[in-house]
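Architecture and fold: a report
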Amino acid sequence: MRIFSGIDEAGLGPKIGSLFVVGVDVIGDLSGLKESKEIFRRNIKGYSYAESLVLSSLAQMGYEFTNLYGLFLKIFGKTDEIFKNVDIPAFGGEIIRLPFKVISLVPMRLEASKLRKNRFLEDAKAICKIADGLKGNTVVAGLAGGFRDYGRFLKGWEVLERGVYKKGEKILRFERDVDKRYKEVALASLFAKYFRELEMLSLNRFLGFENKIPKFSGYPSDKNTQTLISLLKSKGLEHFIR
């Protein structure tokens, strides 16, 4: 059975919070999967459905946890004490039957403090590292902003053409708008977005905002972002600020 491998990120543009880069190997029928932007509408119904997809995929791989602290420790090998304030499921998601199966997950969480100099460079390095760990013969990844020189981070890979690399039998392709055209990338994006939203929910709650979904996004377009930055500084949480 063919393995579909995709990589995508969530949280490249915000001023607050981590950047999550996720690679997935998946088999089965992905035809009904929508891109994360269509699923994560600003309502609890969309968040609940997204959570059901992610938690069901994680359950297939044998992951078990009861809160965000434990989830991040299991998935990323590192966590933060404040994440104990979010139970899992956080948005009302549940385990459902899926027409596909994630056979491996290669995730990275790049903390905000490491993104202050060049977030695009850090994103590109993470994508390249993840590509090495995926199993499919073709790996599709979104572009890291305007970054183009991926070859510097791809040791042992041959350049076939701009944005296309080969290592053994594996092909790695960097393209624009890949989450719209490749379902495996849409799934990777869904994982990354879910992890990002959980982190922002925890930060919101820690600062006293008890909403069902994160009230503040941390993006520059959010008029409350500067207020959130000031609150984080006052609580000694500068490491969540870029």
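Residues numbered from 1 in each chain as written. Predicted model: local features only at pLDDT ≥ 70, side-chain atom pairs only at ≥ 80, totals over all residues. Heavy atoms only, no water.

1. Some remarks on the nonpolar core
As a reminder of what qualifies: Among buried residues, those of type Ala, Val, Leu, Ile, Met, Phe, Trp, Tyr and Cys that are joined through side-chain atoms within 4.5 Å constitute a nonpolar core. Burial classification: accessible surface area is computed with a 1.4 Å probe over protein chains only, and a residue below 20% of its type maximum counts as buried, one above 50% as exposed, and the rest as partly exposed. Strands are runs of DSSP state E lasting at least two residues, helices are runs of H or I lasting at least four, and both sets are numbered from the N terminus onward. Note on contacts: a residue pair is in contact if any heavy atoms of the two residues lie within 4.5 Å.
Ranked by size, the top nonpolar core spans 54 residues in total, and within it L71, L187, F191, Y194, F195, L198 and L232 carry the most contacts. Listing elements by their share of this core, those giving two or more residues are β2 (19–28), α2 (44–60), α3 (68–76), β3 (100–110), α6 (183–206) and α7 (225–234). Among the elements that take part in this core, α6 stands out by supplying 12 residues, more than any other. Contact partners of F195, with chain neighbours within four places excluded, come to F20, V22, L71, F72, I75 and F76. Listed in part, the 26 residues of the second largest apolar core include M108, I127, L154 and W157.

2. Focus on the packing of α3 against α6
Put simply, the rule reads: Interaxial angles span 0 to 180 degrees and are taken between N-to-C directions of axes, which are lines fitted to C-alpha atoms, for helices over the stretch in contact. Here the angle decides the label: under 35 degrees means roughly parallel, over 145 means roughly antiparallel, 65 to 115 means roughly perpendicular, and every other value means oblique. Less than a right angle of anticlockwise turn of the near helix away from the far helix marks a crossing as left-handed, whereas a clockwise turn marks it as right-handed.
In contact at an axis separation of 11 Å, α3 and α6 are set at 140 degrees when each is read in the N-to-C sense. Regarding the angle of α3 to α6, the classification is oblique. The interaxial crossing formed by α3 with α6 has left-handed handedness. Contact with α3, carried on its side by L68, L71, F72, I75 and F76, involves Y194, F195, L198, E199 and S202 of α6 and no other residues of that element.

3. Here's the deal with the environment of D8
Considering the arrangement of structural elements, one finds D8 in strand β1 (residues 4–10). Here the alpha-carbon distance between D8 and G168, two residues 160 residues apart in the chain, equals 23 Å. In this structure, D8 is in contact with F20, V21, V22, D179, V185, A188, S189 and A192, ignoring residues within four places of it in sequence.

4. Description of the sheet that holds strand β4 (residues 138–142)
Neighbouring strands of a sheet are bound in pairs by backbone hydrogen bonds; such pairs are parallel or else antiparallel. The condition is simple: Here the rule is simple: two strands pair whenever DSSP picks up at least two bridges between them.
In spatial order, the strands read β3-β2-β1-β4-β7-β6-β5; together these 7 strands make up an open sheet with mixed pairing. Pairing within the sheet leaves two strands with one partner each, and these edge strands are β3 and β5 (158–161). Neighbour-to-neighbour, the strand axes of the sheet open up by a mean angle of 20 degrees, direction not taken into account. Sheet analysis places β2 next to β3, joined by 10 bridges and oriented antiparallel. Paired with L19 across the bridge in β3 is L110. Helix-sheet contacts for α6 involve β1, β2, β3 and β4, and the interaxial angle to β1 is about 35 degrees.

5. Thoughts on the packing of aromatic side chains
Note the cut-off: Note on ring pairs: Phe, Tyr and Trp rings are taken, using the six-membered ring of Trp, and paired if centres are within 6.5 Å. Classes follow the plane angle, with under 30 degrees stacked, over 60 edge-to-face and the rest tilted. We call a charge positioned over a ring when the NZ of a Lys or the CZ of an Arg lies within 6 Å of the ring centre and within 35 degrees of the ring normal.
A full pass over the atoms with the stated rule returns 18 aromatic pairs. Summarising the aromatic geometry, the rings of F40 and Y47 are spaced 5.0 Å apart at their centres and angled 90 degrees between planes, so their arrangement reads as edge-to-face. These aromatic residues form a ring-pair network of at least three members: F20, F40, Y47, F72, F76, F83, F91, F191, Y194, F195 and F240. Here the basic side chain of K84 rests over the ring of Y69, its NZ or CZ set 4.7 Å away from the ring centre. If you follow K193 out to its NZ or CZ, it ends over the ring of F40, 6.0 Å from the centre.

6. Some details on the pattern of salt bridges
Rule in force here: Any Lys or Arg side-chain nitrogen located within 4 Å of an Asp or Glu carboxyl oxygen qualifies as a salt bridge.
According to the stated counting rule, one finds 11 salt bridges in the structure shown. With its nearest N and O atoms 3.0 Å apart, the salt bridge here joins E199 to R109. Within this pair, whereas E199 is found in helix α6, its partner R109 is found in strand β3, the two being separated by 90 residues in sequence. The class of E199 is buried, set by a relative accessible area of 0%.

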